[in-house]
Amino acid sequence: MSVDFGGCVNNVNSTCLDFGSQNENNAEFNSGVLGISKNEGETNYKEISPRSTLYVNFSEFNADPQGLPLSDMLLEIKYKDVLESNNQKYTGSEWGTRTTHRVFIDLKNNFENNDLLYYNYSNKNEYTSSYAPYASLGEFNDSEWKIEQIPIKKTQFTLLRAINGKFTIRIRMPTYPEDSLLYFPIDYISLKSISHEDYLKITGIKRELLGFYQGNIPKDEPEIQINYPNPSLVTFTRDIMMPIYNSTKPKQEELTEKISGFSTLGEIEPLSFGIYSETGISNLNFSVSDLDMNSYKISKDKIKIYEVIEAESLANVYGTRNYHSYILQPDRIEEISSLDVGKNSSKRIWIKVYVPDNIPSGVYTGRLDIRQESNLLKSIEIDFSVSAIKLDEPESLNSVYHDPYIRMYSSNNSEVFRFYRETGLVPFYYAPYRTEQQISVIRNSSRDIVDYNLTGFEKRIDRMISEGVVKDRMIIELVYLWQYLVYNDVYGTAIDSNLYYNLSDPKFVNAFSLVVKKLIQIGKDKNISFIFSAGDEPGIDPYKRIVIDRIFTIIKANNGNTTITYYTNAQNEISSGNYNTPNSKIPPLIDLVDYKVWAMLYSGAGYLKNYSNYGYYTTYSSNVRNPIYNRFLHGAFVLKTDAVAISVYAMGDWVRDPWNDFDKPGHYISPFTYPDFLLAYPTWSGKLIPTMASEGLREGIKDDKYFETLKRLIKETPENPASVQA
């Protein structure tokens, strides 16, 4: 199923490379990976050689000065399906959801981060012109000629960019041993600018094929019709955790021209109100005054005004029966310039007050003005109460995947740290991701490891401390470190069936113990407790279980703390399968894991076992835009369970395009896909755009701070009537 755009066309809005034509001058490409021209019926084509990569460079068109497209684009490829990708051989099992036996399509872009500590900064050619994996070809091996249409949405983070005047498309052949004789027939490849309406047509077809379906939201309107005063501009409020949809009609009791809030010192407090219009109204702009109390004030410069943007995104908790359903829902907040409200619809205004940490208690008052051009339409009173206390830090560690030096969430890493700092999240740290930039080995004349240079590691930790995102604890992920030592420094060979004994060999144990001791000492010198991880979800997987058993044994022997994503079956003895171990068994992990972090689906079972240092990770719901999920999981649920470790997946692990919740990576087998796990949308400007999920997360961590403060005050003054009541 496709939308007809005329095939291979060259004009001001389209450029095409026709491989079956005598004239191939419309693009640059590495012709050496292509065979001679062939024909099949009316189709003239060439074949991409086995296990090779084709690069196609189209001359820039329809682009801004940064090379980013001015409109939505369409990459269209006509090819013959001659490879099978869903065979169990390539998916790992009968129920496999992923395969690498496809022809992959990548888009070239400029993923540049100017932070000197960002990995590979010194090697700009390696990271500034990277490729975004975007699509794939080939699936059924039915020898049918097909047209694959790959829409590319113009967003604030468009994944296609013209670099040095060229749009570059990379086509990678599969590399299995049996693919040495696989030739891939291709007729043409074209790049077109398209309208957003055409983009929606194509993506609508793809959504249907992937099994997505639109869910219904309940009516959000009064039971009895209301005659609103000034129906063109109605203002109303409701709890910040209760959504306001475009279709919302406010109830009588919600109507107001006043908003109120409460905060303690140094916190970020959200305020909110809705605007409803029966007639439709446009070009609204907003300004806010200082919030004053006698001679004290909260400056208007500390108050930011946002619009809550609706978008179609997945609505259900991932892994549940209906996780392919989506709705048009409040998605993110963006700083507001002007606002249009459609007929019989609502928009939500979201306000963040950055409360100073040195003002007295009291009620601070001000106003927010709504204007249309220069005409004042309405003023909203603001009453903002401040209690001059500082909240205690939470006992729980709120960690977030991933390391800010690895993946580019923003071209400005300070913006990433600001987001972490304001939200209350502590990033994981992967050591070493690029070994030579973090941890380098020092050897004696016999080539034995006698020391490590950890300067790069310390610089990055110091940066996170100075940015205020690390206080007293953080998780250090060592999965790359032990692999580096095994592959490059100790054995120099791939991991095999003797993995258990390789990781038990004194040469490895001594080398790994030495670096663990140094890392622990660095933490002590900086008053930080490092908690070490070395993998993910070991369960009953023999490989993972061996790794965690051996690595954690070394860490514990050196008085280090450990954590892992945990399941009940991790405490069972299991068979070692194809790996050689004593008695062909792998012992339980229960005594090796200090912080057992349970998947939410099994968090109840973990809680009932009453282990110390109980924790959970929120993968299955962290992406859901409704903020109440994350607020509950980082606030009230922490209080109820006494959890000390909550891990969030993820800051940004998006499926292909972070601005499209319905796309599918090239290696996924339909209809399987994942939602976009992200707390903030990336942009090429460097700004991060928070999702509503992250707003709830911040409020949940703040709730936990209130709980900790309350518990301390009760303990300090147990006879106080308020303490007794609490």
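Structure: see above.
In this text the structure is predicted, and so the values were computed from the model without any measurement.

The rules behind each value
- Residues numbered from 1 in each chain as written.
- Predicted model: local features only at pLDDT ≥ 70, side-chain atom pairs only at ≥ 80, totals over all residues.
- Heavy atoms only, no water.
- Buried < 20%, exposed > 50% of the residue type's maximum accessible area, 1.4 Å probe, protein only.
- Helix = DSSP H or I, 4+ residues; strand = E, 2+ residues; numbered from the N terminus.
- Contact = heavy atoms within 4.5 Å.
- Polar contact = N/O pair within 3.5 Å; in protein donor to acceptor, adjacent residues only side chain to side chain.
- Axes fitted to C-alpha atoms, helices over the stretch in contact; angles between N-to-C directions.
- Parallel < 35°, antiparallel > 145°, perpendicular 65-115°, else oblique.
- Nonpolar A, V, L, I, M, F, W, Y, C, P; charged D, E, K, R; others polar.
- Disulfide = S-S within 2.5 Å.
- Core = buried A, V, L, I, M, F, W, Y, C linked by side-chain atoms within 4.5 Å.
- Left-handed = near helix turned anticlockwise from the far one by under 90°.
- 1 Å grid on protein atoms, 1.4 Å probe; cavity = no way out; pocket = protein on both sides within 12 Å on 5 of 7 lines; lining within 4 Å.
- Points joined across faces, edges and corners; volume = space filled by probe spheres on them.
- Pairing = 2+ DSSP bridges.
- Right-handed = clockwise from strand over helix to strand, strands pointing away.
- Salt bridge = Lys/Arg side-chain N within 4 Å of Asp/Glu carboxyl O.
- Phe/Tyr/Trp six-rings, centres within 6.5 Å; stacked < 30°, edge-to-face > 60°.
- Lys NZ or Arg CZ within 6 Å of the ring centre and 35° of its normal.

With eight of eleven residues buried, helix H4 (residues 413-423) lies mostly within the body of the structure. What H4 keeps buried is the set Asn 413, Glu 415, Val 416, Phe 417, Arg 418, Phe 419, Tyr 420 and Thr 423. On its buried face, H4 sits against strand S26 (397-401), strand S27 (426-427), helix H5 (455-466), strand S41 (680-681), strand S42 (689-690) and helix H14 (692-716). The opening residue of H4 is Asn 412, an N-cap whose side-chain oxygen sits 3.1 Å from the backbone nitrogen of Ser 414. Where H4 terminates, the next one or two residues include Gly 424, which has phi positive at roughly 95°.

Bringing the packing of H4 against H14 into the picture now. Two elements in contact, H4 and H14, have axes whose closest approach is 9 Å; the angle formed by their N-to-C orientations is 45°. Classified by the angle their axes make, H4 and H14 are oblique. The residues of H14 that touch H4, namely those facing Phe 419, Glu 422 and Thr 423, are Ser 694, Leu 697, Arg 698 and Ile 701. Residues belonging to the contact of H4 with H14 are distributed by class as follows: three nonpolar, two polar and two charged.

Linking two cysteines covalently through their sulfur atoms gives a disulfide. One pass over the structure, following the stated rule, counts one disulfide. Shown here is the disulfide that connects Cys 8 with Cys 16, its sulfur atoms set 1.9 Å apart. Here the S-S torsion is close to -110°, and the disulfide linking Cys 8 with Cys 16 is therefore left-handed. The exposure class assigned to Cys 16 is buried, which follows from its relative accessible area of 0%.

So, on to the nonpolar core. Membership of the largest hydrophobic core comes to 140 residues, with the highest contact counts inside it found for Phe 457, Trp 482 and Phe 512. The element contributing the most residues to this core is helix H8 (residues 506-525), with eight residues. Among all residues touching Phe 512, those that are not within four sequence positions of it are Tyr 452, Leu 478, Leu 481, Trp 482, Leu 485, Ile 551, Ile 554 and Ile 555. Residues Leu 233, Ile 298, Ile 305 and Phe 384 belong to the second largest nonpolar core, which totals 30 residues.

Relative orientation of the contacting elements helix H12 (residues 627-634) and H14 amounts to 25°, with a least axis distance of 7 Å. In terms of their interaxial angle, H12 and H14 are classed as roughly parallel. Crossing hand, H12 versus H14: right-handed. On H14, the residues that touch Pro 627, Asn 630, Arg 631 and His 634 of H12 are Met 692, Ala 693, Gly 696, Leu 697, Glu 699, Gly 700, Ile 701, Asp 703 and Asp 704. For the contact of H12 with H14, a count of residues per class yields five nonpolar, four polar and four charged.

A word on empty space enclosed by the protein. Empty space among the atoms can be located by rolling a probe the size of a water molecule over them. Overall, the coordinates contain two cavities of 30 Å³ or more when judged by the stated rule. One number sums up the size of the largest cavity: a volume of about 70 Å³. Taken together, Ile 268, Lys 352, Arg 418, Phe 419, Glu 422, Thr 423, Pro 690, Ser 694, Glu 695 and Arg 698 make up the full set of residues lining the largest cavity. Listing elements by their share of the lining of the largest cavity, those giving two or more residues are H4 and H14. Per-element tally for the lining of the largest cavity: the top contributor is H4, with four residues. What lines the second largest cavity is simply Ile 244, Tyr 245, Asn 246, Val 308, Glu 310, Pro 330, Ser 346, Lys 347 and Arg 348. Contributions of two or more residues to the lining of the second largest cavity are made by strand S20 (303-314) and strand S23 (345-354). With three residues, the single largest contributor to the lining of the second largest cavity is S23. Class assignment for the residues of the lining of the second largest cavity results in four nonpolar, two polar and three charged.

The side-chain alternation of strand S37 (residues 614-617) yields two buried faces, one formed by Tyr 614 and Tyr 616 and the other by Gly 615 and Tyr 617. As paired elements, strand S36 (residues 595-599) and S37 share four bridges and run parallel to each other. Note that in S37 the partner of Trp 598 across the bridge is Tyr 616. Handedness of the S36-helix H10 (residues 603-608)-S37 crossover: right-handed.

Let us look at the pattern of salt bridges. Enumeration according to the criterion identifies 48 salt bridges in this entry. Note that Lys 352 is salt-bridged to Glu 695, the shortest N-O span being 3.1 Å. Taken together, the positions of Lys 352 in strand S23 and Glu 695 in helix H14 put the pair 343 residues apart, joining distant regions of the chain. Each member of the pair, Lys 352 as well as Glu 695, carries the same accessibility label: buried.

Looking now at the sheet that holds strand S14 (residues 234-236). In a beta sheet, neighbouring strands are held together by backbone hydrogen bonds and run either parallel or antiparallel to one another. Across the sheet, which stays open at both edges, the six strands sit in the order S13-S21-S20-S23-S16-S14 with mixed pairing between neighbours. Edge strands, defined here as strands with exactly one partner in the open sheet, are strand S13 (213-214) and S14. Here strand S16 (residues 268-277) runs beside S23; their pairing, made up of ten bridges, is antiparallel. In the strand pairing of S23, Tyr 276 is matched with Ser 346. Each of S16, S20, strand S21 (325-335) and S23 touches H14; the most contacted strand, S16, lies at about 140° to it.

Our focus in this paragraph is the pairing of S20. Remember that side chains alternate between the two faces of the sheet whenever the strand is regular. Burial of S20 is extensive: ten of the twelve residues sit out of reach of the surface. When S20 meets S23, the two strands line up antiparallel, connected through six bridges. In the sheet register, Ile 305 faces S23, and the bridge partner there is Ile 351. Strand direction decides the pairing type here: S20 and S21, joined by nine bridges, are antiparallel.

According to the stated counting rule, one finds 31 aromatic pairs in the structure shown. Ring centres of Tyr 607 and Tyr 614 lie 5.9 Å apart, and the angle between their planes is 65°; this geometry places the pair in the edge-to-face category. On the accessibility criterion, Tyr 607 (35% relative accessible area) is partly exposed. Since its relative accessible area comes to 5%, Tyr 614 is described here as buried. Feature note: the residues Tyr 401, Phe 428, Tyr 430, Tyr 480, Tyr 649 and Phe 677 constitute an aromatic cluster, connected by ring pairs. One residue, Lys 596, lies across the ring of Tyr 611, its end atom 4.9 Å from the ring centre.

A word on unusual backbone geometry. Tyr 401 connects to His 402 through a cis peptide bond whose omega is 25°. Residue position: His 402 is located in the loop between S26 and H4. In this model, Tyr 649 is joined to Ala 650 through a cis peptide bond whose omega is 5°. For Ala 650, the position within the fold is in the loop between strand S38 (645-649) and strand S39 (652-653). Look at Asp 642: it is not a glycine, yet its phi comes out positive at around 60°. Considering the arrangement of structural elements, one finds Asp 642 in the loop between helix H13 (636-641) and S38. Of the residues examined, Asp 642 reaches a relative accessible area of 54% and is grouped as exposed.

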